[in-house]
Amino acid sequence: MPTSAASLSDDLPADFGDDLDTSTREQVLRGRYVARLGDCVACHTQDKRKPMAGGLALETPFGKLYSTNITPDRQTGIGQYSFAQFDRVMREGVTADGRHLYPAMPYPSYARMSEEDMRALYVYLMQAVKPLALPNRPPEMSFPFNQRWGMALWNMAFLQAGPFRPDPAQSAQWNRGAYIVQGPGHCGACHTPRGIGMQEKTMSESGSNGPLFLSGETVENWRALDLRGRWQPADVAGLLRTGSNRFGTVAGNMVDVVQHSTQYMSDEDLLAIGTYLASLPSPARQRPPQATAAPVVAAIPADLYLSRGGLGYVQFCTTCHRSDGNGVQGLFPPLAGNPTLQSHEPASLIHIMLTGWRAARTHAQPKAMSMPAFSALSDGEIAEILNFARASWGGRQQADISERQVARLRAELGAQPANTVGPRFEAPRLADMLKEKNAAQLILGARLNIETGRLLPQHVGNGLNCASCHLNAGTVGGGSPYVGVSAAFPTYAARAGRVITLEDRINGCFPRSMNGKPLPPGSQDMQAMLAYIEWMRRDAQPGEKVPGRGIGKIDQKLKPDPVNGERIYHAQCAACHGAQGEGIRSPSGQWVYPALWGAQSFNIGAGMARTYTAAAFVKRNMPIALHDRFPLGQGGLSDQEAVDVAEFFTHQPRPDFAPKTRDWPRDKKPADARY
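None of these values were measured; they are calculated from a predicted model.

## Quick word on the overall build of the protein
Okay, step 1: Looking only at helices and strands, the protein has 25 helices and 13 strands in total.
Okay, step 2: With 675 residues in all, the protein has 56% of them scored as buried.
Okay, step 3: A separation threshold of at least 6 residues defines the contact pool for the protein, and within that pool the share at least 24 residues apart is 67%.
Okay, step 4: Summing over all exposed atoms, the protein offers an accessible surface of approximately 29,900 Å²; the carbon and sulfur share of this is 53%.
Okay, step 5: Charge centroids of the protein, computed over 69 positive and 61 negative side chains, lie 6 Å from each other.

## Observations concerning the sheet that holds strand β2 (residues 63-66)
Okay, step 1: Taken together, 3 strands build an open sheet; the order of strands is β1-β2-β3 and the sheet is antiparallel. Of all the strands in the sheet, the pair left with one neighbour each is β1 (57-60) and β3 (140-141).
Okay, step 2: As paired elements, β2 and β3 share 2 bridges and run antiparallel to each other. Among the inter-strand pairings, Gly63 is bridged to a residue of β3, identified as Met141.

## Concerning the pairing of β2
Okay, step 1: The pairing of β1 with β2 spans 4 bridges and is antiparallel. Paired with Thr60 across the strands is Gly63, a residue of β2.
Okay, step 2: In this structure, the hairpin formed by β1 and β2 is closed by a connection of 2 residues.

## Here we look at a nonpolar patch on the surface
Okay, step 1: A surface patch of nonpolar side chains, about 420 Å² in accessible area, is lined by Trp149, Leu153 and Met156.
Okay, step 2: Mapped onto the elements of the fold, Met156 is located in helix α6 (residues 150-158).

## What about the confidence of the model for the protein?
Okay, step 1: The predicted model of the protein has a mean per-residue pLDDT of 91, with 94% of residues at 70 or higher.
Okay, step 2: Low pLDDT, under 50, characterises residues 1-9; the predicted model gives this stretch 35 contacts beyond four residues in sequence or across chains.
Okay, step 3: Predicted confidence is poor over residues 286-294, with pLDDT under 50, and the contacts of this stretch with residues over four places away or in other chains come to 18 contacts.

## Notes on the pattern of salt bridges
Okay, step 1: The final tally for this structure, using the stated rule, is 27 salt bridges.
Okay, step 2: The residue Asp663 makes a salt bridge to Arg512 at a minimum N-O spacing of 2.8 Å. Within this pair, whereas Asp663 is found in the segment after α25 (639-650), its partner Arg512 is found in helix α21 (residues 502-512), the two being separated by 151 residues in sequence.

## Structural notes on the side chain of Ser468
Okay, step 1: The residue Ser468 is located in the loop between α19 (452-455) and α20 (471-474) in this model.
Okay, step 2: Not counting the four nearest positions on each side in its chain, Ser468 is found in contact with Pro594 and Phe617.

## Some thoughts on the nonpolar core
Note on soluble globular proteins: their nonpolar side chains tend to be buried together.
Okay, step 1: With 114 residues, the main nonpolar core has Phe332, Trp393, Met433, Tyr532, Tyr593 and Phe649 as its most contacted residues.
Okay, step 2: The dominant element in this core, judged by the number of residues it contributes, is helix α22 (residues 524-535), at 8 residues.
Okay, step 3: Not counting chain neighbours up to four residues away, the residues in contact with Trp393 comprise Ala298, Ala299, Pro301, Tyr313, Ser323, Asp324, Gly325, Leu335, Ala336, Gly337, Leu341 and Phe388.

## What to know about the UniProt feature "domain: Cytochrome c" (unreviewed entry) in the protein
Okay, step 1: The sites that UniProt annotates as "domain: Cytochrome c" (unreviewed entry) are residues 26-129, 172-281, 304-393 and 560-653.
Okay, step 2: Measuring from the first to the last C-alpha atom of residues 304-393 gives 12 Å, for a span that is 46% helix and 4% strand.
Okay, step 3: Between the C-alpha atoms that bound residues 560-653 there is a distance of 18 Å. The span itself is 41% helix and 5% strand.

## Examining the packing of aromatic side chains
Okay, step 1: All chains considered together, the criterion is met by 18 aromatic pairs.
Okay, step 2: Here the aromatic rings of Trp174 and Tyr276 are separated by 5.0 Å at their centres, their planes lie at 75°, and the arrangement is edge-to-face. One end of the pair, Trp174, is in helix α7 (residues 172-182); the other, Tyr276, is in helix α11 (residues 267-279), and 102 residues separate them in sequence.
Okay, step 3: The interplanar angle of 80° and the centroid separation of 5.4 Å between the aromatic rings of Phe374 and Phe630 together place this pair among those described as edge-to-face. In this pair, Phe374 is assigned in the loop between β9 (370-371) and α16 (379-393) and Phe630 in the loop between α24 (611-621) and α25, connecting sequence segments 256 residues apart.
Okay, step 4: Residue classification places Phe374 among the buried residues on the basis of a relative accessible area of 4%.
Okay, step 5: Exposure remark for Phe630: the relative accessible area of 11% places this residue in the buried category.
Okay, step 6: Site record: aromatic cluster; members linked through ring pairs are Phe83, Phe86 and Tyr122.
Okay, step 7: Directly above the ring of Tyr264 sits Arg36, whose terminal nitrogen or CZ lies 3.9 Å from the centroid.
Okay, step 8: Here Arg538 stacks its cationic end above the ring of Trp535, 4.9 Å away from the centre of that ring.

## Details of α22
Okay, step 1: A rise of 1.5 Å per residue sets the reference length of α22, with its 12 residues, at 16 Å; its end C-alpha atoms lie 16 Å apart and thus fit the reference within 8%.
Okay, step 2: Listed in full, the buried residues belonging to α22 are Met526, Ala528, Met529, Leu530, Ala531, Tyr532, Ile533 and Trp535.
Okay, step 3: Elements in contact with the buried residues of α22: α18 (439-450), α20 and α21.

## Observations regarding the environment of Ala579
Okay, step 1: Within the secondary structure, Ala579 sits in the loop between α23 (562-577) and β12 (584-585).
Okay, step 2: For Ala579, a relative accessible area of 40% translates into the label partly exposed.
Okay, step 3: In this structure the C-alpha to C-alpha distance between Ala579 and Tyr569, which are 10 residues apart in sequence, comes to 8.5 Å.
Okay, step 4: Excluding residues that lie within four positions of it along the chain, Ala579 makes contacts with Tyr569, His570, Ala574 and Trp597.

## A word on unusual backbone geometry
Okay, step 1: Each neighbour pair has its own omega, and for Met622 with Pro623 the value is -10°, a cis peptide bond.
Okay, step 2: Within the element layout of this structure, Pro623 appears in the loop between α24 and α25.
Okay, step 3: That bond from Phe630 to Pro631 is cis: its omega, 5°, falls within 30 degrees of zero.
Okay, step 4: Checked against the element boundaries, Pro631 lands in the loop between α24 and α25.
Okay, step 5: The phi angle at Asn472 is positive, at roughly 50°, despite the residue not being glycine.
Okay, step 6: If you trace the backbone, Asn472 turns up in helix α20.
Okay, step 7: Non-glycine residue Ser480 carries a positive phi angle of around 55°.
Okay, step 8: Its location among the elements puts Ser480 in the loop between α20 and β10 (491-493).

## Some words on the packing of helix α9 (residues 233-242) against α11
Okay, step 1: Contact geometry of α9 with α11 gives a least axis separation of 7 Å together with a crossing angle of 130°. On the basis of the axis angle, α9 is oblique to α11. Pair α9 / α11 crosses with right-handed handedness. On the side of α9, the interface is formed by Pro233, Ala234, Val236, Ala237, Leu240 and Arg241, while α11 contributes Asp267, Leu270, Leu271, Ile273, Gly274, Thr275, Leu277 and Ala278.
Okay, step 2: Residues belonging to the contact of α9 with α11 are distributed by class as follows: 10 nonpolar, 2 polar and 2 charged.

Here is what the cut-offs are and how they apply
- Residues numbered from 1 in each chain as written.
- Predicted model: local features only at pLDDT ≥ 70, side-chain atom pairs only at ≥ 80, totals over all residues.
- Heavy atoms only, no water.
- Helix = DSSP H or I, 4+ residues; strand = E, 2+ residues; numbered from the N terminus.
- Buried < 20%, exposed > 50% of the residue type's maximum accessible area, 1.4 Å probe, protein only.
- Contact = heavy atoms within 4.5 Å.
- Areas by Shrake-Rupley, 256 points an atom, 1.4 Å probe, with all protein chains shown as cover.
- Lys, Arg positive; Asp, Glu negative; His and termini not counted.
- Charge placed at Lys NZ, Arg CZ, Asp CG, Glu CD.
- Pairing = 2+ DSSP bridges.
- Patch = residues over 30% accessible without salt bridge, like charges linked within 9 Å, V, L, I, M, F, W, Y side chains within 5 Å.
- Salt bridge = Lys/Arg side-chain N within 4 Å of Asp/Glu carboxyl O.
- pLDDT = per-residue confidence, 0-100.
- Core = buried A, V, L, I, M, F, W, Y, C linked by side-chain atoms within 4.5 Å.
- UniProt positions renumbered as here; feature names shortened; annotations may be inferred.
- Phe/Tyr/Trp six-rings, centres within 6.5 Å; stacked < 30°, edge-to-face > 60°.
- Lys NZ or Arg CZ within 6 Å of the ring centre and 35° of its normal.
- Expected span 1.5 Å × (residues − 1).
- Axes fitted to C-alpha atoms, helices over the stretch in contact; angles between N-to-C directions.
- Parallel < 35°, antiparallel > 145°, perpendicular 65-115°, else oblique.
- Left-handed = near helix turned anticlockwise from the far one by under 90°.
- Nonpolar A, V, L, I, M, F, W, Y, C, P; charged D, E, K, R; others polar.

Structure below.
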């Protein structure tokens, strides 16, 4: 798979062209644009320090190939190629010394390029790319596929010679889009089904098997989608410019295509591509194309808390994709209407669950969000979650992903358990509550933790839920999990100056962290919360240190720098918590991510209002979705950075806590208390 390093964009040096005449300089600039149309740098770069020098491994059903050095180095690259030799290798796959290339190099598509574009590309590679000496690696192919002469027969059978010919019945915009898609963009190389000879079954809409063109194919265990009539032109253009649109985001090899190729295309070319793709009929879907459809706005599935797949989704997916599957605009893709979820072939879904996902980093969206690998989950758990999501938002009527499918792809990918934060921590599975005699009570307790504000509006006075601090319903190591907590109660609490029960501890959070009112002691809701936390106790004994419990500590000798903290906040936190700490709400007004200051945040009596307590939480759990750490991609700041940003946001305006004078009646008040 091509490397996803954003630094591979082949920008020219500032002094480029000083020694070239105007005509040559313009040709080089055009050639650079053509190289980006063809995404040359992604496949021909293994080491990002050596762009275009080749060496990238390309997996095929018949063995492994390595991309070649296309820098102008005269010994190992193409420095001695004449234009005629270059043109032949690009259009026919035959090198200067007569060797045949394998069609993993998409020369059948490049054969459609105009002579002007081909000459410009040649001048660019020869004049503007730095020559790098890196010998080409021989392919690792078994007999008979290592016999290159067979490619001559392949060309005779499958290569369609001749450049693109515009369709006079279509607009100039349509023809431009068709030229890019069929020619330098080589979209069919991944998105068109392959025949027995690994040939694209058709190279254009006008081919003998036209409806198969761009109708979808599985490549390197990623599903390249059916592109025919799927979206409106503006949706296509937006996806190619930024890596996301209102229906979803790119994944797998398409991340590289967006980063190194399509984000650099002109708006006119992107809309031309969209116009062409939107015009293609889609007999495979047998319904009006989504080119005229609006994004789906979904509701919470009825079985979200009643099925193993639903509870697995609640525990591991809702933080980003939300319980209604609508995602978070500008951050996390929706599942409702998502084409990857709808695809009949689930390879990409399983691949993402096992190896993770990272958004394309583009000029339009420079902060690339990520999803960690969920390979720590069992094959059965992954199948349950994906089947639930596909049934809820993907239009699949029955479970169609088997545990065996997940196991097979896990083996092919070598997907090992993902990295964890802190000590080894085995998260209890919410799905296992269904096996308990008091399952209904436990599920209510879990819901009260996750949807506290919605289910207990008379007791919550801000935008927080219990799960705002007890991540994933209290199942994340280092994220204040409930595992083993009940074994520690009753316990002496310095802030209260007395021994408190677990019920006291829960009711301490409502007036402080949630700026609301305590629950009635012994109420049904309190009993459900107690039962849920007790179920999380597992085998913990009083006084036992449970790995991953709590949020850890930060050295209080570190001196906070709130000015640096403000910089960190805007760079790392504002995307989820708002530029003014106001949090994020959904279009319907529901809280997505909580406010960190202001009237809708926790008050000064909350533990999170203290600098070093907040810093410990931030250090281990924030930001999310920027790393590969299971289960939230959380953490990444240094101790000093965590202290700085905590000092900044804890000292912003927030509600008062009237009973504060009764705190710490017997013990010394912590130095970082807000009162």
